[in-house]
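# Overview (structure and organization)
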Amino acid sequence: MWNQVMEFWSFNDLNVRYVTLGVCLIGISTAIVGCFTFLKKKALVGDAIAHAALPGVCLGFMLFDSKNPIVLLGGAFVTGWISLLAIDLITAKTKIKSDTSIGLVLSIFFGIGILLLTAIQRSGNAAQSGLDKFLFGKAASILPEDVYILGSVGLVLICTILLFFKPLSMVAFDPGYAKSIGIPVGLLELILSTLTVLAVATGIQAVGVVLMAALLITPAIAARYWTDRLWLMVLLAALFGGFSGTMGAMVSYLAPAMPTGPWIVVVISIIAFLSILFAPRKGFVARRLKLVRHRNKVLHENILKAFYHLAEEDASFYQARTAQEIYNRRPMPQKMLAKGLQSLKRKDLLKNESGDYWRLTKQGKEIGQRIVRIHRLWELYLQRFLKMAPDHVHPDADAMEHIISPELEALLVDELGNPQRDPHDREIPYNN
Amino acid sequence: MSAFWIILTGSLVAASCGLLGCFLILRRMAMIGDAISHAVLPGIVIAYIFTHSLDSLPMILGATSVGLLATFLIELVHQKGKVQADAAIGLIFTFLFSCGVILISSWTKHIDLDADCVLHGEIAMVPFELWITESGLNLGPIAVWKLSILFLIVVGLIYVGYRPLRLTTFDPQYAAAIGVSTGFWHYLLMGAVSMTTVLSFESVGAILVVAFLVAPPAIAYLLTERLDHMLLISLLAGLISAVGGYALAAALEGAIAGAMTAVLGIEFIFAYCYYVYLRK
């Protein structure tokens, strides 16, 4: 097994070299185009184009009686384009919604493709064998001449995208704005559609019509989780696409019975799942952690604030309090309170001497004081600048007190002119 | 006689799919239907691996639940993973479908299931798999029996649930306000779609089911504004496609399911022309 893996990566086998290069090129170029398809929220249109390529492949074969890749590619390109037009026409002229028209065009074109394919197969034309490979891809039998065609189409795709990168990204993100500054949006969308159809028509060679949508959009989905920059996203998608193509080629080299296309899709899907789960910042886990962290911060600050409020009442800041006293001051679920007290102790913001007696440490007091200060500053700000009634300012301040940064706090103090009393005539505590 | 059985089978598939499809397209879930029909493949393959048939009830239910799982996964990736809705559909169904194809490839020695069967089924084989009782009585093709039961279930579901299904389709807020559970009817509908896909698999394959789910309702949608008429017209459209498809396939010597789809396409072109040019 290991030897075979090494054998694959040495690329000594000429066939392996062509197959891997071909699949890798397809993966890269479709992923790049797919980024824009994905951003324009046309993910499933790609699926429809792919299915619609099947009758084109069959018609190309029937008309020219040849399996020349250019003929088949041309056929796929033509019917792919027709399907795109049909979807737009049906959505524009009738009350049928876009998802239904996509599903309709996709399945009917595909059905016609199946009809033609089976008719060709049963016609007894010996040359047809291998035509059905377009259904699930024929990556394992890529020939040198295929690689030249795939390579040139891929190059055309990549160059066109690079050439129109700036206007295309504007069209993808904000067509309205792009139009207003004089970018020919219609023309660019036409170019993008053409590129998509072209990418699909070449991609079906690797994964087949049924799974083509994955090659187009899944790398883009995965890449979107790692960055907000378009050029980086395109680069990452290309990397993911190329990598999964190579992996697919390797699997079918190690186990020749295995279909390459589905393996490419499985690899790229796993990359996407991992990205959705674990990507920094945007991934599910990262977002969940951030949420938990923020919740804990709010909990801690609320507890310290309650301590500070109690201290204000009897003017002794380092008095020991029980959990019950805190609860009476600020009701919250008992379990949360207990958890919060424990973790505040671990952070040295509270001390716990005996049993259920808690007292503030110096840092704890400062944080509690700061929260109370921001709360009252914000209340004052709302009253003075936004003309809100004093009895309406509290809930908003309760949310803002956890968010306002030290810089913003300094600005507030400045703007309000070092105020001493809040709208409820309570002292604004400063740290001195 | 075999022509009769084939047309009957095709009609039953088209009828069950068409009825459910009406609700799918009105709920803007046509592509979810597409996704389910692809995604049941691994469920079907696993069922084949274990039982060498799809006839046992537990296996039908098992494969059906994979379809439900797919809708659940799409929701999960969309809601929790923040992937935009259309991309979530594309991601999940291609993944599950690939798993299905890989499973087929790795178990080819154990199952007589091939790629063709996945794509367009073998409706022409239906008349040869007969249900013959122990006393030798010929009760006709098994598939016809299965699909008849399916059709009765679908009709029953729509008859019993007509009001809540209509309410949750057109006005989910109002439905929720008067205490109709939108989630329950959603998953019931998805379950019915999955089961229909699984049972139609042998006759029309996993992919062409989409055509029967989407095309007849889309045709009917263009011709009427009433839900009850829409259901009837899509039944009729399905019936025509079964008869016409058989004739077309015979003429071209092609796959019957593909020909039925092509006929649906022609029907749609007529409906489109009516809607755009003739409607008052």
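Residues numbered from 1 in each chain as written. Chains lettered and ligands numbered in written order. Predicted model: local features only at pLDDT ≥ 70, side-chain atom pairs only at ≥ 80, totals over all residues. Heavy atoms only, no water.

We now examine the pattern of salt bridges. Residue and element names in this part refer to chain A. Taken as a whole and assessed by the stated rule, the structure comprises 19 salt bridges over all chains. Here Asp-398 and Lys-305 are joined by a salt bridge, their closest N and O atoms 3.0 Å apart. One end of the pair, Asp-398, is in helix 18 (residues 394–400); the other, Lys-305, is in helix 14 (residues 284–314), with 93 residues separating them in the sequence. The residues Asp-398 and Lys-305 share a single accessibility class, namely buried. (Salt bridge = Lys/Arg side-chain N within 4 Å of Asp/Glu carboxyl O. Helix = DSSP H or I, 4+ residues; strand = E, 2+ residues; numbered from the N terminus. Buried < 20%, exposed > 50% of the residue type's maximum accessible area, 1.4 Å probe, protein only.)

Considered domain by domain, chain A is made up of domain 1 (30–259) and domain 2 (283–432). Put simply, the middle of domain 1 of chain A and the middle of domain 2 of chain A, counted by C-alpha atoms, are 56 Å apart. (Domains from an automatic or database assignment.)

Before going further, it helps to spend a moment on the side chain of Thr-218 of chain A. Within the secondary structure layout, Thr-218 of chain A lies in helix 11 (residues 212–224). Residue class for Thr-218 of chain A comes out buried when judged on its relative accessible area of 0%.

This paragraph deals with helix 2 (residues 14–39) of chain A. Residue and element names in this part refer to chain A. Helix length check: helix 2 (26 residues) gives 38 Å between terminal C-alpha atoms against 38 Å at 1.5 Å per residue, within 8%. Taking the largest bend as the criterion, helix 2 deviates by roughly 25°, centred on Val-33. Looking one or two residues beyond helix 2, the residue adopting positive phi is Lys-41, at roughly 55°. (Expected span 1.5 Å × (residues − 1). Bend = angle between axes of the 7 residues up to and from the residue.)

A word on the packing of aromatic side chains. This structure, assessed with the given rule, holds eight aromatic pairs over all chains. When the centroid spacing of 5.0 Å and the interplanar angle of 85° are considered together, the rings of Phe-273 of chain A and Phe-95 of chain B count as edge-to-face. Taken together, the positions of Phe-273 of chain A in helix 13 (residues 260–278) and Phe-95 of chain B in helix 4 (residues 85–106) put the pair across two chains. A relative accessible area of 22% means that Phe-273 of chain A is categorised as partly exposed. Classification of Phe-95 of chain B by relative accessible area gives buried; the value is 18%. Grouped by ring-pair contacts, the aromatic residues Trp-378, Tyr-381 and Phe-385 of chain A constitute a single cluster. Directly above the ring of Phe-317 of chain A sits Lys-365 of chain A, whose terminal nitrogen or CZ lies 4.7 Å from the centroid. Above the face of the Tyr-275 of chain B ring, Arg-279 of chain B is positioned so that its terminal group lies 3.8 Å from the ring centre. (Phe/Tyr/Trp six-rings, centres within 6.5 Å; stacked < 30°, edge-to-face > 60°. Lys NZ or Arg CZ within 6 Å of the ring centre and 35° of its normal.)

Attention now goes to the interface of chain B and chain A. At the interface, 59 residues of chain B touch 54 residues of chain A. Taken together, both faces of the contact between chain B and chain A bury some 4800 Å²; the carbon and sulfur share is 75%. When the area that chain B buries against chain A is broken down by residue, the three leading residues are Met-31, Leu-91 and Ile-102 of chain B, summing to 12%. At the surface where chain B touches chain A, the tally comes to one salt bridge. Elements with a minimum of two residues in the side of chain B that touches chain A: helix 2 (30–51), helix 4, helix 5 (115–120), helix 9 (182–223), helix 10 (227–252) and helix 11 (256–278) of chain B. Of the residues forming the side of chain B that touches chain A, the biggest block, 16 residues, is contributed by helix 4 of chain B. Each residue belonging to the side of chain B that touches chain A can be placed in one class, and the counts come to 37 nonpolar, 14 polar and eight charged. (Contact = heavy atoms within 4.5 Å. Buried area = accessible area lost by both parts, 1.4 Å probe. Nonpolar A, V, L, I, M, F, W, Y, C, P; charged D, E, K, R; others polar.)

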